[in-house]
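Report on the structure
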Amino acid sequence: ITVVRFADQAPSAEAPGRFARERAVLMVVSGPELAELARSAGAVVLEREPRGNVDESEIVAALAGARARHVVLLPDDAELAAVAERAAAVARRDGQEVLVLPTASVLQGLSALAVHDPDRRAGDDVVAMAEAAAGTRTGGLVVAESEALTWVGRCEPGEVLGITDGEVVLIAPDLAVGALWLAHRMLTAGGEIVTVLLGEGADAALGEGLAADLRRTHPEVDVVVHRGGQTDYPLVLGVE
């Protein structure tokens, strides 16, 4: 855990013009679709290759490239948290204030970015972003490639597995049914916004059908569908 009180930081002797703005949010995302989505929401983006690694030097360079005095870094991957912290430490030694919000998925990162307000007091803004990320539950669908025994029974090749918190929670005959079952299951704990990210090659009708069903069965919930382009999950869901 790193606690940074911006007001207590001594001013550094950075070169004039080094920082073009006071604050920024840097997101690490995979694929051009997600990168464009994050940029449109106001983030500075470090785009990684799908399933590729990101090293400390790349994040340090991206932080410097943000040209902001204070940066909130969203790694959007639990495995990147330690690397992000090391990169943030390097940037701090160079006079930049960096706070890492350990977002575990791009949906948590997008939730945090959605409430980011550069005009809000820095500390309050970070708290709001952290609460939004923590309040986002995520799940996804994968197609089984072989027969396997799961927590909810045996699956056959071609069946669809619904996964939340790293565990298989349902087995469905196809993606459309799996999306409905997973969304309804995730909404049993409540929710106000459902965000759908369609993977690479996923039919747009998959998102349209899910959105239509949720608007009918959960009219109190806002549904947003984006083309995410991820290669590991045909569909990813986030519930806020």
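What comes next concerns the included structure. (Residues numbered from 1 in each chain as written. Predicted model: local features only at pLDDT ≥ 70, side-chain atom pairs only at ≥ 80, totals over all residues. Heavy atoms only, no water.)

**Observations concerning the overall build of the chain**
The line we're drawing: Secondary structure elements are taken from DSSP: a helix is a run of H or I of four residues or more, a strand is a run of E of two residues or more, and numbering for both begins at the N terminus. Only protein chains enter the area calculation, which uses a 1.4 Å probe; residues under 20% of their type maximum are buried, those over 50% are exposed, and those in between are partly exposed. We call two residues contacting when some pair of their heavy atoms lies within 4.5 Å. This count recognises Lys and Arg as positive and Asp and Glu as negative, with His and chain-terminal groups excluded. Taken as the charge location is NZ of Lys, CZ of Arg, CG of Asp or CD of Glu.
Along its length, the chain carries seven helices and twelve strands. Each principal axis of the C-alpha atoms in the chain carries an extent, and together these give about 60 × 35 × 30 Å. Every one of the 240 residues in the chain was classed for burial, and the buried ones make up 47%. Residue pairs at least 24 apart in sequence account for 66% of intrachain contacts in the chain once pairs closer than 6 positions are excluded. Of the side-chain charges in the chain, 20 are positive and 37 negative, and the distance between the mean point of each set is 6 Å.

**As for unusual backbone geometry**
Unusually for a residue other than glycine, D76 sits at a positive phi of about 60°. Examined against the element boundaries, D76 turns out to sit in the loop between β3 (68–74) and α3 (81–93). On the basis of relative accessible area, D76 is assigned to the buried category, the value being 10%.

**Concerning the sheet that holds strand β12 (residues 235–239)**
Put simply, the rule reads: Any two strands between which DSSP finds at least two bridges are classified as paired. Where helices are involved, their axes are fitted lines through C-alpha atoms of the stretch in contact, as for all axes, and angles between N-to-C directions lie from 0 to 180°.
Taking strand neighbours across the sheet as the criterion, the six strands line up as β9-β8-β5-β12-β10-β11 in an open arrangement whose pairing is mixed. Each edge of the open sheet is held by one strand with a lone partner, namely β9 (167–172) and β11 (222–227). Ignoring which end each strand starts from, the neighbouring axes of this sheet average 20° apart. Two strands pair when backbone bridges link them, and strand β10 (residues 193–198) and β12 are joined in this way by five bridges, in the antiparallel orientation. Directly across from V194, in β12, lies its bridge partner V239. Set on the sheet, helix α6 (residues 175–187) makes contact with β5 (137–143), β8 (160–164), β9, β10 and β12; between it and β5 the angle comes to about 160°.

**Thoughts on the pairing of β3**
Counting buried positions along β3 yields six of seven residues, so the element is predominantly enclosed. In the sheet, strand β1 (residues 21–30) pairs with β3 via six bridges, with the strands oriented parallel. Within β3, the residue paired with V25 across the bridge is V72. Relative to strand β4 (residues 97–100), β3 is paired through four bridges, and the arrangement is parallel. For V72, the partnering residue across the bridge sits in β4 and is L99.

**As for the environment of G162**
Here G162 shows up in strand β8. Separated by 13 residues in the primary sequence, G162 and L175 have C-alpha atoms spaced 9.4 Å apart. Among residues more than four places away in sequence, those in contact with G162 are G140, L141, E167, V168, V169, L170 and L182.

**Quick word on the pairing of β11**
Under the convention used in this document: A crossover counts as right-handed when, viewed with the strands pointing away from the observer, the path leading from the first strand over the helix to the second turns clockwise.
Relative to β11, β10 runs parallel, the two sharing six bridges. Considered in β11, the bridge of V196 is made with V225. In terms of handedness, the path from β10 via helix α7 (residues 204–217) over to β11 forms a crossover that is right-handed.

**Quick notes on the sheet that holds β1**
Read across the open sheet, the four strands follow the order β2-β1-β3-β4; overall the sheet is parallel. Across the chains shown, the open sheet's two edge strands, defined by having one partner strand only, are β2 (44–48) and β4. Sheet twist, expressed as the mean angle between neighbouring strand axes with direction ignored, is 20°. Summarising the sheet, β1 and β2 pair through five bridges and their orientation is parallel. Looking at β2, one finds that V29 is bridged to E47. Sheet contacts for α3: β3 and β4; angle to β4, the most-contacted strand, approximately 165°.

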